[in-house]
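Structural characterization, general
If you want the building blocks of each chain, they are given just below.
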Amino acid sequence: MKASDVRALTPDQLREELEKLKKEQFNLRFQKATGQLENTARVRQVRRDIARIQTEVRAQRATGNANA
């Protein structure tokens, strides 16, 4: 997910996407622990996408654009 894509999302969409990515991150960690993880690069991708979303959430809060 690109930063420009993240900026285009609403606060509700950001929360939903963050929740989805955190679940995926958990599942990837579980797969790694059990030796079933095939795409190891996805772990890094998900971690960075989570960071992008969290950064945008903080930026929206700072500018007062968030609903939370």
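What you see is a predicted model, and the numbers here were worked out from it, not measured in a lab.

**Notes on the overall build of the protein**
Secondary structure summary: the protein contains 3 helices and 0 strands in total. N-terminal to C-terminal, the α/β element order of the protein is α-α-α. If you line up the protein on its principal axes, its C-alpha atoms span 45 × 20 × 15 Å. Across the 68 residues of the protein, 22% fall into the buried class. A separation of at least 24 residues holds for 68% of the contacts in the protein among residues at least 6 apart in sequence. When the accessible surface of the protein is split by element, carbon and sulfur atoms take 47% of a total near 5,200 Å². Here the protein contributes 15 positively and 9 negatively charged side chains, and the mean placements of these two sets differ by 7 Å.

**Describing the confidence of the model for the protein**
Close reading of the predicted structure is inappropriate where its pLDDT is low. When pLDDT is averaged along the protein, the result is 92; 94% of the residues meet or exceed 70. Mean pLDDT values for the elements of the protein range from 90 in helix H1 (residues 3–7) up to 96 in helix H2 (residues 11–34).

**Considering the packing of aromatic side chains**
Scanning the entire structure with this criterion turns up 1 aromatic pair. Taking 6.3 Å as the distance between ring centres and 35° as the angle between the ring planes, the aromatic pair formed by Phe26 and Phe30 counts as tilted. With Phe26 and Phe30 both in helix H2, this residue pair falls 4 residues apart, about one helical turn. By relative accessible area, Phe26 is classed as partly exposed at 47%. By relative accessible area, Phe30 is classed as exposed at 53%.

**Points about the side chain of Glu17**
Relative to the elements of secondary structure, Glu17 occurs in helix H2. Since its relative accessible area comes to 17%, Glu17 is described here as buried. Excluding anything up to four places from it in sequence, Glu17 contacts Met1 and Ile53.

Criteria and thresholds
- Residues numbered from 1 in each chain as written.
- Predicted model: local features only at pLDDT ≥ 70, side-chain atom pairs only at ≥ 80, totals over all residues.
- Heavy atoms only, no water.
- Helix = DSSP H or I, 4+ residues; strand = E, 2+ residues; numbered from the N terminus.
- Buried < 20%, exposed > 50% of the residue type's maximum accessible area, 1.4 Å probe, protein only.
- Contact = heavy atoms within 4.5 Å.
- Areas by Shrake-Rupley, 256 points an atom, 1.4 Å probe, with all protein chains shown as cover.
- Lys, Arg positive; Asp, Glu negative; His and termini not counted.
- Charge placed at Lys NZ, Arg CZ, Asp CG, Glu CD.
- pLDDT = per-residue confidence, 0-100.
- Phe/Tyr/Trp six-rings, centres within 6.5 Å; stacked < 30°, edge-to-face > 60°.

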